[in-house]
Amino acid sequence: MHSSIASFQWLLYIFTVISSLQVSATRFNIPRLSPTRGTILQNPEILSATISEDFQTFYYNQTLDHFNYRPESYSTFQQRYVINFKYWGGGAGADANAPIFVYLGAEEPLDGDISIIGFLTDNAARFNALLVYIEHRYYGKSIPFGSREEALKNASTLGYFNSAQAITDYAEILLYIKEKFNARHSPVIVIGGSYGGMLATWFRLKYPHVALGALASSAPILYFDDITPQNGYYSIVTRDFREASETCYETIMKSWAEIEKVASKPDGLSILSKKFRTCKPLKDSYELEDYLELVFADAAQYNQPPKYPVNMLCGGIDGAALGTDNDILSKIFAGVVASKGNKTCYVNPPINESETTVGYRWQTCSEMVMPIGIDNTTMFPPDPFELSNYIDDCKKLYGVSPRPHWATTYYGGYDIKLILQRFASNIIFSNGLRDPYSSGGVLEDISESVIAIHTVNGSHCLDILRANQDSDPDWLVMQRKAEVEIIEGWISKYYDDLKAVQ
C-alpha cells in the first residue's frame, strides 16, 4: 500500500511539473549539458549488459549532507562507482604509484558514459592507469532516501541535490579508494564533459589535495551571472548554420514569420500539425517553434564527424528546394526528417521524461541558472532571458527560489584570468568552437598550467569521446595528443616532487 501511495505521489509530482511547464512562458528548454546527444539514455540496462567484464561495480556508503551536523545529515545512501583494474601499474598497481583516471559522472546514469567516454580507456595502457567512474548523486542507481520517488518528492528531499555535495561525494570516494588499494601516492586526474567538465574544474579548485589535475571538456563555467552574453549560445548556432549553407540559414530565419502567418489562419494550427506530422494536434505555434529551436541547437551542439548533423539538416532543407513541395515550411520539415530520420510523427510525442530531464530541471531551478537568451541578431525569434520570470516559475514548481549568483559566489568566474593565474594549476579547458556552449568556456590560457585548447571545427565534448581511427579528422587526433602530453607532464613533475620528499 505504501509503495502505491508513493507511486501516486510521484506521478502527481511529474504531472504538476509538466503542467506548470506547459503554461509557462519562461525559457525552460535550456539546451542540455551532456557529452552525448541524449539517445544513450534510453536503455541503460542494455548498455550495462554490453560493458566489458573489465569494469567492476561497487557501492559506497555515502553521506547525505557533507556540510551540516544535524542528525539527518548523517543519513547515508548507496553511491555507485565502477573500476577498471586492467591496466593499473602494468600489473603492479599501487606499488608503482600508477595514476588514477577518474570520470566524474554528471546529469545522467553512469552506464552510458562508460560506453561512450573513450578518453580513459583509450589512454589507460599508456599511463598504466586505474580507471574510476563515479555516478552523480540522484542519478542512475545513486539515489538517496531509498527510492527515486522519495528523493524527488519535494524541495526538502531535493535540497541535497547540488554540485557542492556532488564533488564532495567524489572526494570521499576517491580518498576511500586510495586507502583501500594502498594508493596514497597515486596521482589522480579527474575528467568530465559539459556539466561534468564544470565539476572537474571545480573539483580541482576545491580539492587539490585529492586531484593532481583536471581535463574539463566543453565546460561553460562562464555562462553564469551574465559573464557571458546571454545570446552567446544561439549566436554560435546561427554561425554554424550560416557557414554550412547561406540558403539554409536564410530559410530558417524566414520560417518563424511563416509559421506565425499560417498559425493566424482559422485552421492554421491544423495545417501546421499536418505539415510537420505532429504526434498530436498543436495547441499553439510556440509548441512547434520550441521544437524546431531545439532541433537546430542540438544539431549544432553535437555537430561531429562523420555525419555532421548541421550539414545533414541543411542538406534536407536545401534539397527540398528541388522538389515539388518547395515552400519554406516544407523545406524546414525536410530538414527535420533529414536530421531525425523518417518517423511516424514529430514535435510533441508522448511524454516519457527521463530522470535526466527531471533532475536537470531541478538543478537549473536551484544553482545552475544559466541565462541563455536570444536577441535580434540570430536566426531565431528574439527570446530574452528574464530572470524575474524564471524565478517566479521555479518557485511555482518547487516552492523555492533559484540562486542565480551562487555559482560565481562559491566557485568564482568573474576576472577568471586575474584570479586563477596565481591560484590554480593543472587544468585543461578544451573546447570546439562550433559548440554553442564554447561561448561560455575558457578559450585563452590563464597560466602555464591552466591551459585552453580549442579546435575551430570541434563540437561538444568531442575530445573525450571514444576515438575512431576511421573517421576522426587530423585536428581532433592532434587535440587529444596535446591533452595527453600535458597530462604526462603533470604526472612526471609530480613523480619528481614525490621523489624529492620521500
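Thresholds, definitions, all that
Residues numbered from 1 in each chain as written. Predicted model: local features only at pLDDT ≥ 70, side-chain atom pairs only at ≥ 80, totals over all residues. Heavy atoms only, no water. Core = buried A, V, L, I, M, F, W, Y, C linked by side-chain atoms within 4.5 Å. Buried < 20%, exposed > 50% of the residue type's maximum accessible area, 1.4 Å probe, protein only. Helix = DSSP H or I, 4+ residues; strand = E, 2+ residues; numbered from the N terminus. Contact = heavy atoms within 4.5 Å. Expected span 1.5 Å × (residues − 1). Arc of directions from axis to C-beta. Salt bridge = Lys/Arg side-chain N within 4 Å of Asp/Glu carboxyl O. Pairing = 2+ DSSP bridges. Right-handed = clockwise from strand over helix to strand, strands pointing away.

1. Regarding the nonpolar core
By size, the foremost hydrophobic cluster in this structure holds 111 residues, and its most contacted members are Met198, Phe203, Phe241, Leu292 and Phe296. Here the element with the most residues in this core is helix α12 (residues 285–301); it accounts for eight residues. Discounting residues that sit within four places of it in the chain, Phe203 has contacts with Leu104, Ile167, Tyr170, Ala171, Leu174, Val190, Pro208, Val210 and Ala211. One finds Tyr133, Ile428, Leu462 and Val484 within the second-largest nonpolar core, a separate group that totals 31 residues.

2. Digging into helix α16 (residues 387–398)
The end-to-end C-alpha distance of α16 is 16 Å, a good match for the 16 Å that twelve residues give at a rise of 1.5 Å each. Turning to α16, its buried residues number three or more, namely Tyr390, Asp393, Cys394, Leu397 and Tyr398. What you see down the axis of α16 is that its buried residues fit within an arc of 115°, all on one side. After α16 finishes, the residue Gly399 shows a positive phi value of roughly 80°.

3. Notes on the pattern of salt bridges
This structure, assessed with the given rule, holds 15 salt bridges. Connected via shared salt-bridge partners are Asp65, Arg70 and Glu72.

4. With respect to the environment of Leu420
The topology assignment puts Leu420 in helix α18 (residues 416–420). Separated by 30 residues in sequence, Leu420 and Val450 have C-alpha atoms that sit 8.3 Å apart. With residues near it in sequence (within four places) discarded, Leu420 still touches Leu205 and Ile446.

5. As for the pairing of strand β5 (residues 188–193)
Among the six residues in β5, six count as buried, and that is most of the element. Where burial is concerned, the two faces of β5 agree: the one with Val188, Val190 and Gly192 and the one with Ile189, Ile191 and Gly193 are both buried. Bridge count for strand β3 (residues 100–104) against β5 is four bridges, and the pairing is parallel. Residue pairing in the sheet places Tyr103 in a bridge with Ile191 of β5. Pairing analysis gives five bridges linking β5 to strand β6 (residues 213–217), with the strands arranged parallel. Paired with Ile191 across the two strands is Leu215, which belongs to β6. Following the chain from β5 across helix α8 (residues 195–206) to the adjacent parallel β6, one finds a crossover that is right-handed.

Purely geometric numbers; function is a separate question.
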